[in-house]
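# Close look at the chain arrangement
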Amino acid sequence: MCGIVGYVGTEQAAPVLLQGLEKLEYRGYDSAGIAVQQNGIFTVKTKGRLADLKQKIKQDILGHVGIGHTRWATHGAPSDINSHPHSSENGRISVVHNGIIENYMELKEFLQQQGKKFVSETDTEIIAQLFDYYYQGDLVDTMIKVIDKIRGAYALGVLCEEHPEEIVAVRKDSPLLVGLGKNENYIASDIPALLEYTRDYYLLEDNEIVLLKKDSVQIFDLHKKEIKKDIFHVDWDVSAAEKDGYDYFMMKEIVEQPESLRKTIFPRIKENTIQLDQIELTAEQVKKINRIHIVACGSAWHASIVGKYVIEKLARIPVEVDLASEFRYRQPILQKDDLCIIVSQSGETADTLAALREAKKHGIRVLSIVNVVGSSIARESDDVIYTWAGPEIAVATTKGYSTQLSVMYLLALYFGSAKELISSQEMMEYIDKLKKVPDDVEKLLEVEERMKALTEQYANTKDVFVIGRGIDYAAALEGSLKLKEISYIHSEAYAAGELKHGTISLVEEGTLVIAIATQQNLFEKLVSNIKEVKARGASVIAIAVEGSESIEKVADEVFYIPKTNELFTASATLVPMQLFAYYIAVQRGCDVDKPRNLAKSVTVE
Ligand code: AGP
């Protein structure tokens, strides 16, 4: 969840580190710090945001080698002392860490028995002390000894006073990549941190150790055998990781959705068929699929629920949807001809990665839907379908989720057609509607001003229920999460038919209900549910399909989405809810891109 950056080169390290951390702040933002090799290691760190760190830096920090960190606290509350980088007691070693060291208590006891004194409550400090304990002059040898002793997930960047021109780094189950420059090299948790400096990277595998100097990068395995790696080149524009004049990344990313959807959908439609060239799963293999397990966390899990409805409808394959944190421990029943679909924007979510490994352990084929190219999930899957959303920086996902939905549509059509359940005429009609999804989303962006005005009325709302049936229920889950995570308003998504089995007791004068009614066969039933909550004093904002104007008789406000195939409505439906959550959060003075207690990439379980 934390962000790591490191620099070795000819420039001053501190500005490069601060600039990199700015791009990584979405990964954690309760404290920040840097350490630079001067005459000895100079460290400055603080509780709070990067802005607080910049304020704390009163003097020029001169030095060409350094590491930096932005933290999402796990062990020990956010405080100056618990902030990274952490040092060994003698100050010789400095460490930044992303992840969790599971056996840190036993290692701490061991080090305490050796007379080492600790100052923080973190698991990271033991790494600095352990590194110092094992250090006998060679950084790579020491790192090998350290990782032999630690258990858990880690991306580490380490400085040693006696090697003022070098950084040693390693990763296991936490992301870390190496940026390659001319007379300068970098490490970082994610590409946006380095986009300004390089487009060339080495992607590290677990337990590969990197020795970084300004003019060389050496990568070693655990036996100190040097490994040769291919350079991974990204062609992203620098502006992809900039706000481009928007107040928040989230709004920029909401607006980018039509474009991201076009990039994700259109290249996969050829001559009125769905062509998933990048996957090896053949039509014959699809025919044999017995059951699909879709596994994900958070919004990706919500996209998976839409996927269940669409795949079951079009391909008639039973689909189970699991939360990754549950799947990995519940001993799921996985059979030979099952397919596991893993969904993750970042491709690094710890629980989702563990679920993938669980499926692979059972010999199940894994197809993943991932946004970040070269991420751990992408690399460990049998097949990958990329969502071409580009970098998503706001903690609350928008274009990441939308593009995941579009891949679900593509997959469902691909499976349905492989199973010969969709005629070519039907396929043409589906594809016609699928191609219009980006336009439908674009059209809904036009409600921005109206939504902005409406949120003034609801800024002090205490409770919101988002209700729907079928796919609308799946969309409600995502709409409700958006509101919770960025505006801190209590919100729950409910299958509309389930409301009267208990939860309707919470509806009273002033409760806001957002009702989604895009499924024609369920429309009348949803209208009845709206009447039930209206009768108990709720205000109702409805989202319906053009042509269902009768809903205006029961709802206070209605937003219409264009008529489309009912399987694809969740895409346009989401836009008013994203905008609602965004403007409510702005009204309430919340930090939209960096909501409290959250981080973008959840790399600890
Ligand atoms: C959504 O707005 C959240 N930030 C969160 O639920 C997210 O979708 C979840 O953590 C999964 O992330 P991933 O897609 O990167 O695996």
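Residues numbered from 1 in each chain as written. Predicted model: local features only at pLDDT ≥ 70, side-chain atom pairs only at ≥ 80, totals over all residues. Heavy atoms only, no water.

### Details of the sheet that holds strand 4 (residues 65-71)
- Strands sit in the order 3-2-4-1-10-9-11-15 across an open sheet of 8 strands; the sheet is antiparallel. A single partner strand is all that each edge strand has here, and the edge strands are strand 3 (40-47) and strand 15 (232-233).
- By the bridge criterion, 8 bridges tie strand 2 (residues 31-38) to strand 3 in an arrangement that is antiparallel. Bridging across to strand 3, I34 finds its partner in V44.
- On the sheet, helix 1 (residues 13-24) packs against strand 1 (3-8), strand 2, strand 4 and strand 10 (185-188) and is oriented at approximately 155 degrees with respect to strand 1. (Pairing = 2+ DSSP bridges. Helix = DSSP H or I, 4+ residues; strand = E, 2+ residues; numbered from the N terminus. Contact = heavy atoms within 4.5 Å. Axes fitted to C-alpha atoms, helices over the stretch in contact; angles between N-to-C directions.)

### Looking at the pattern of salt bridges
- Scanning all chains against the criterion turns up 42 salt bridges.
- With a closest N to O distance of 3.2 Å, D141 and K224 form a salt bridge. Of the two residues, D141 sits in helix 5 (residues 139-149) while K224 sits in the loop between strand 13 (216-220) and strand 14 (226-227), which places them 83 residues apart along the sequence.
- Overall, the relative accessible area of 34% leaves K224 in the partly exposed class.
- Residue R357 pairs with D173 through a salt bridge whose shortest N-O separation is 2.7 Å. You can see R357 sitting in helix 11 (residues 350-361) and its partner D173 sitting in the loop between strand 8 (167-172) and strand 9 (177-180), a full 184 residues away along the chain.
- Look at R357 and you get partly exposed, because its relative accessible area is 28%. (Salt bridge = Lys/Arg side-chain N within 4 Å of Asp/Glu carboxyl O. Buried < 20%, exposed > 50% of the residue type's maximum accessible area, 1.4 Å probe, protein only.)

### Brief notes about the nonpolar core
- Membership of the largest hydrophobic core comes to 126 residues, with the highest contact counts inside it found for I34, I274, I292, I341, F415 and L434.
- Leave out the neighbours within four places in its chain, and I274 touches R268, I269, L410, L413, Y414, M427, I431 and L434.
- Counting residues in each nonpolar core, the second largest holds 30 residues, with M143, V158, C160 and V170 among its members. (Core = buried A, V, L, I, M, F, W, Y, C linked by side-chain atoms within 4.5 Å.)

### Remarks on the packing of aromatic side chains
- Tallied over the entire structure, the rule returns 11 aromatic pairs.
- Here Y409 and F568 contribute two aromatic rings whose centre-to-centre distance is 4.7 Å and whose plane-to-plane angle is 45 degrees, an arrangement assigned as tilted. Taken as a pair, Y409 in helix 13 (residues 399-418) and F568 in the loop between strand 27 (557-561) and helix 18 (569-587) lie far apart in primary sequence, 159 residues in all. For the residue pair Y409 and F568, the accessibility class agrees, reading buried in each case.
- Seen in terms of ring centroids, Y430 and F568 are 6.5 Å apart; in terms of plane orientation they differ by 65 degrees. Their pairing is edge-to-face. Here the residue Y430 occupies a position in helix 14 (residues 424-444), and F568 occupies one in the loop between strand 27 and helix 18, the gap between them amounting to 138 residues. Taken as a pair, Y430 and F568 share a single burial class, namely buried.
- Through successive ring pairs, a cluster of aromatic residues spans Y7, Y186 and Y197. (Phe/Tyr/Trp six-rings, centres within 6.5 Å; stacked < 30°, edge-to-face > 60°.)

### Here we look at the packing of helix 16 (residues 471-487) against helix 18
- Packing of helix 16 against helix 18 brings their axes to within 9 Å, and their N-to-C directions diverge by 20 degrees. One way to sum up the angle between helix 16 and helix 18 is to call them roughly parallel. Crossing handedness for the pair helix 16 and helix 18: right-handed. Where helix 16 abuts helix 18, its residues I471, D472, A475, E478, G479, K482, L483, I486 and S487 lie against T569, A570, T573, L574, M577, F580, A581, Y582, I584 and A585. (Parallel < 35°, antiparallel > 145°, perpendicular 65-115°, else oblique. Left-handed = near helix turned anticlockwise from the far one by under 90°.)

### Topic: unusual backbone geometry
- Note the cis peptide between H84 and P85, where omega equals -5 degrees.
- Mapped onto the secondary structure, P85 falls in the loop between strand 4 and strand 5 (86-87).
- In the Ramachandran plot, D173 falls in the positive-phi region, its phi being about 60 degrees despite a non-glycine side chain.
- Given a relative accessible area of 16%, D173 falls into the buried group.
- Positive phi values are uncommon outside glycine, yet E420 reaches one of about 55 degrees.
- When you line up the elements, E420 lands in the loop between helix 13 and helix 14.
- When its relative accessible area of 61% is taken as the criterion, E420 is described as exposed.

### Some points on the environment of A241
- Mapped onto the elements of the fold, A241 is located in the loop between strand 15 and helix 6 (249-255).
- On the basis of relative accessibility, which here comes to 2%, the residue A241 falls in the buried class.
- Taking the C-alpha atoms as reference, A241 lies 32 Å from D432; in sequence the two are 191 residues apart.
- With residues up to four places along the chain from it excluded, the contact list for A241 reads K23, P192, L195, F249 and I393.

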